[in-house]
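Structural overview for review
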Amino acid sequence: MRRAALLVARTEFRRTVRAVSTERTKLLLLALLGALMLGSVTVAGGYLLPSLGEHYAGTPSAEHVALATDAATGGVAVAWLFLVGMSAIRAFTAAANPDEPAFLLVSTSTRNAAVGIVVAEILLFAVWVLPPAILLASAFAIGAGTALFVGAAAATAALALLTAVPVGFVAGIWFRHLVTVYEPIARYRWVLFVGFWALYFGAIATGRLDLVVSELFVALQDGPLGWLGHLLLVGVPNVPASATSILGAIVGTAALGSVAIAVGVASARIHWFADPARFEDERPSDDSSSRLAAVLSRGFDRPVRTVTITAIRRTRRAPIRLAYVGYPLFGAVGFVQVILEIGTVPAYVAAILSLYLVWAAGALFTLNPLGDLGSALPAVVTSTLSGRQAITGLVVAGVLVAAPIGLIGSLALGLVSPLSLEQAAALAAATVVGTVATPALATGIGTALPRFGSVNVTNSREAVMPSKAAFVAYSIAVVLPAAAAAVLYADAAGPIADFLTMTSAWAPTPELSVTGTQLTVVAWTVLAIGLLAPPVSFLYACETFDLYTLE
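Here we summarise the structure given alongside this text. No experiment lies behind these values; they were computed from the predicted model shown.

1. Description of the overall build of the protein
Scanning the protein for helices and strands turns up 21 helices and two strands. Principal-axis analysis of the C-alpha atoms gives the protein an extent of 80 × 65 × 45 Å. Taken over 551 residues, the protein has a buried fraction of 40%. Considering only contacts within the protein whose residues lie at least 6 apart along the sequence, 80% involve residues at least 24 apart. Approximately 29400 Å² of the protein is accessible, and the part contributed by carbon and sulfur atoms is 70%. Side-chain charges of the protein comprise 30 positive and 29 negative groups, with the mean position of each set lying 13 Å from the other.

Here's what the structure looks like:
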């Protein structure tokens, strides 16, 4: 490898590590992700693998020998495919779009840049893969009484990374090329993204993903992808490993890795020097904006109409700004599983999803009124636009988008759930009222807790988003009144009070005595505050906008 490629690899690796380590939120999320993905496996392996090692150090039966061979070959093959998928996602989101590409491509050849980036990706994946692999292998080695398995596991992981990451880089860069350069596909890339994630989470929720993985586990055991598993078996006592398969895995790694890097260099050369797709020939948003302006002219003055149309148009052109609105949907996977199991939408699921629609209405346009202006902030706050006009325009934008979705979505959920027609209608009405109230509620919270700087939505895309404090405060302001209304509607204050009193008797803290009447008073108080909060928040946002001064 050339010295320039090594320099690119070291620079990209250090830059990625520095970018993660300097952002506490991203570091915390990565830690939680690592704990969820690897923590349970590592803890379980630490308890089970020593006894498994002791078993194979003794006299395992022929069935157990065959089981170990199948597990090693099939497991390594599936793990290799997983690494390819993860590296493809990394290439699509970050590696295929390096920082300061103009400077990088002028400073060195495309080959050095591409090879350096691939090597940096291998190092980054090694940081995640090698420590748990060595830890789990050490647990097995303790029981087996030999350290050879640790070296075999490390060698297997290293060889897998040397091929999986380059192959994933090729797949990721070509997918990125298609959705950013090839115009027929780039025009509908957001449809592809939504479809991909819908299929992915749908496969998880329906159990199809487990079925596919199990089928691949069996089908790939005797193929080339399973050969690498025999290298892992070198460290397992009393389980023979195929020398031919090990030789084939080593030769295949060298051949496949070299070919993948060569193809990756050629692919990077095509993608990095290609012009992105442009769609200036079509302006459908202009016609829709004119129709929307005509509708709004019947009830709002020109400044309000301009703010409303501008907010919707900006979001349509850069929907990545609303990525955070979809974050709560990741928790809906469990609801899909429940729906599939019982064959209908439970009433509580319909209520929770309708509450999400209410929450999303305020998060669309009004949770960061000042920060969303970006570089236009000085011009806007010093113009003749009043705070009432600016905030009203944002609220109208949120209501126009969210109210129809809230009506249709909540009504559909209510009709397919066990709720009666009257209850479904009440759910739809409450959702529509909520989609009108929450945009006003979000304005004051977003104004009090603004964010003016952009954040990384992905490793290569930045956008101005609401601050974490505004996000949390707004969520609490929506959930607490909704919970209070649910308690009052279901007349659940008494049972909840009994439950709190009973559980407090078991806790080491002083015993808590709560009555249903007290909880009812608290619920009415919270609901009343929740009903008064939107107009108060709206007025505060208007006044703050008028009094805002640039420092």
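2. A short note on the layout of surface pockets
Unfilled space is identified by rolling a water-sized probe across the atoms. There is about 1100 Å³ of room inside the second largest pocket. Considering the residues around the second largest pocket, the lining is formed by 35 residues, among which Leu355, Ala430, Ala482, Ala485 and Ala486 are closest to the centre. Secondary structure elements with two or more residues in the lining of the second largest pocket: helix H15 (347-365), helix H18 (421-448), helix H19 (468-490) and helix H21 (516-547). Looking at the lining of the second largest pocket, the element that brings in the most residues is H19, giving 11 residues. Considering only residue class, the lining of the second largest pocket consists of 29 nonpolar, six polar and no charged.

3. Points about a positive patch on the surface
Residues Arg3, Arg10, Arg14 and Arg18 make up a contiguous surface patch of positive charge. Locating Arg18 in the fold gives a position in helix H1 (residues 3-21).

4. What about the packing of aromatic side chains?
Counted according to the given criterion, the structure contains seven aromatic pairs. Between Trp359 and Tyr474, the aromatic rings sit 6.2 Å apart at their centres with planes inclined by 40°, giving tilted as the arrangement. Separated by 115 residues along the polypeptide, Trp359 in helix H15 and Tyr474 in helix H19 bring together distant segments of the chain. By relative accessible area, Tyr474 is classed as buried at 0%. Look at Phe452 and Tyr548: their rings are 6.4 Å apart centre to centre, the planes differ by 35°, and that puts the pair in the tilted class. With Phe452 in the loop between H18 and strand E1 (455-456) and Tyr548 in the segment after H21, the pair connects residues that are 96 residues apart, well separated along the chain. Overall, the relative accessible area of 40% leaves Phe452 in the partly exposed class. For Tyr548, a relative accessible area of 25% corresponds to the partly exposed category. In this arrangement the basic side chain of Arg176 is found over the ring face of Phe92, its NZ or CZ atom lying 6.0 Å from the centre.

5. Looking at the pattern of salt bridges
By the definition in use, this model includes two salt bridges. Residues Arg15 and Glu12 are paired through a salt bridge, measuring 3.5 Å at the closest nitrogen-oxygen approach. On the criterion of helical spacing, the pair formed by Arg15 and Glu12 is a turn pair, its members being three residues apart in helix H1. A relative accessible area of 13% means that Glu12 is categorised as buried. A salt bridge links Glu121 to Arg90; the nearest nitrogen and oxygen atoms lie 2.7 Å apart. On the criterion of sequence distance, the pair formed by Glu121 in helix H5 (residues 110-144) and Arg90 in helix H3 (residues 62-95) is long-range, its members being 31 residues apart. By the burial criterion, Glu121 is buried, and Arg90 matches it.

6. Regarding the nonpolar core
Counting residues in each nonpolar core, the largest one holds 51 residues, and the members touching the most others are Ile117, Leu161, Phe169, Leu228, Val236, Val239 and Trp272. Mapped by element, the contributors of at least two residues to this core are H1, helix H2 (24-57), H3, helix H4 (101-107), H5, helix H6 (148-180), helix H10 (224-233) and helix H11 (243-272). Ranked by residues supplied to this core, first place goes to H5 with 14 residues. Not counting residues up to four positions away in its chain, the partners in contact with Val239 are Tyr56, Val65, Ala68, Thr69 and Leu233. In this structure, Leu364, Leu370, Leu394 and Ala470 belong to the second largest nonpolar core, which totals 31 residues.

What counts, and at which threshold
Residues numbered from 1 in each chain as written. Predicted model: local features only at pLDDT ≥ 70, side-chain atom pairs only at ≥ 80, totals over all residues. Heavy atoms only, no water. Helix = DSSP H or I, 4+ residues; strand = E, 2+ residues; numbered from the N terminus. Buried < 20%, exposed > 50% of the residue type's maximum accessible area, 1.4 Å probe, protein only. Contact = heavy atoms within 4.5 Å. Areas by Shrake-Rupley, 256 points an atom, 1.4 Å probe, with all protein chains shown as cover. Lys, Arg positive; Asp, Glu negative; His and termini not counted. Charge placed at Lys NZ, Arg CZ, Asp CG, Glu CD. 1 Å grid on protein atoms, 1.4 Å probe; cavity = no way out; pocket = protein on both sides within 12 Å on 5 of 7 lines; lining within 4 Å. Points joined across faces, edges and corners; volume = space filled by probe spheres on them. Nonpolar A, V, L, I, M, F, W, Y, C, P; charged D, E, K, R; others polar. Patch = residues over 30% accessible without salt bridge, like charges linked within 9 Å, V, L, I, M, F, W, Y side chains within 5 Å. Salt bridge = Lys/Arg side-chain N within 4 Å of Asp/Glu carboxyl O. Phe/Tyr/Trp six-rings, centres within 6.5 Å; stacked < 30°, edge-to-face > 60°. Lys NZ or Arg CZ within 6 Å of the ring centre and 35° of its normal. Core = buried A, V, L, I, M, F, W, Y, C linked by side-chain atoms within 4.5 Å.

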